[in-house]
Amino acid sequence: MRTLIIAAALSVIGVATPSAQPAPAAPAAPSAPLGAPRAFQGYSQPDIGANYCRVINPGQTTCTLPAMTAGRYLVKASGTSTAQGPGAAQQLTIIVGNRTCGPASRKPTTTNPWTAGPKTIRLYCEILVLTDRPLAVTAAYADAKATKAPAGPSLTLERQPWEGVLDVSPTPTPQDP
């Protein structure tokens, strides 16, 4: 009886009991904007179109991010070759400055031989950049026992929203036996 009187008194003065009100809903996360956060004033996240890119040779295409670029990009590369017989293989790597993403490889196996016809290999890499100087992003493509497409590897960079996360890495964590 005494508990009921205390609960009634608390409800009259506006203090809720734990079971009386549901937990507040989490606020909806705003959609992440494109472009650098205010901490990087003076930087931009430009669209990187064909005018920023050039085919160097059938095994290399390079796009150059302009100076003062900051932001996330999804880099998409692909390379196409036509097999010239048994044992054809492909390899594709994305190089950003002096860092690499990949490689992606296609090697023949007994269950999946590649002996004739064209095949395209693809590699995607998400990058987060902050650069004061122009920065090269390169698709490096190689093949064996195949002929590369003369147009060279394709390379595109798509702007991605800024999420505010600079890095996420797994850390060794002790586990219970």
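Parameters at a glance
- Residues numbered from 1 in each chain as written.
- Predicted model: local features only at pLDDT ≥ 70, side-chain atom pairs only at ≥ 80, totals over all residues.
- Heavy atoms only, no water.
- Disulfide = S-S within 2.5 Å.
- Helix = DSSP H or I, 4+ residues; strand = E, 2+ residues; numbered from the N terminus.
- Salt bridge = Lys/Arg side-chain N within 4 Å of Asp/Glu carboxyl O.
- Pairing = 2+ DSSP bridges.
- Axes fitted to C-alpha atoms, helices over the stretch in contact; angles between N-to-C directions.

1. Looking at the state of the cysteines
Part 1 of the argument: Counting across every chain of the model gives one disulfide.
Part 2 of the argument: A sulfur-sulfur separation of 1.9 Å characterises the disulfide bridge that pairs Cys53 with Cys63. Taking the sign of the torsion about the S-S bond as the criterion, the disulfide between Cys53 and Cys63, at about 105°, is right-handed. Note that Cys53 is positioned in strand E1 (residues 53-57) and Cys63 in strand E2 (residues 60-65), a separation of 10 residues in sequence.

2. Things to note about the pattern of salt bridges
Part 1 of the argument: According to the stated counting rule, one finds five salt bridges in the structure shown.
Part 2 of the argument: Salt-bridge contacts for Glu158 lead to Lys76; the nearest nitrogen and oxygen are separated by 3.1 Å. A residue pair is termed long-range when its members are at least 10 positions apart, and Glu158 in strand E9 (residues 154-160) and Lys76 in strand E3 (residues 69-83) qualify at 82 residues.
Part 3 of the argument: Where Lys148 meets Asp143, a salt bridge forms, and the shortest distance between an N and an O atom there is 3.3 Å.
Part 4 of the argument: By sharing partners, the salt bridges in this structure join Arg72, Glu126 and Glu163 into a single network.

3. A word on the sheet that holds strand E7 (residues 135-144)
Part 1 of the argument: The sheet built from five strands is open, its strands ordered E1-E2-E7-E4-E5 with antiparallel pairing. Across the chains shown, the open sheet's two edge strands, defined by having one partner strand only, are E1 and strand E5 (99-106). On average, adjacent strands in this sheet sit at an angle of 15° to one another, irrespective of strand direction.
Part 2 of the argument: As paired elements, E2 and E7 share six bridges and run antiparallel to each other. Residue pairing for E7: Gln60 is matched across the bridge by Ala140.

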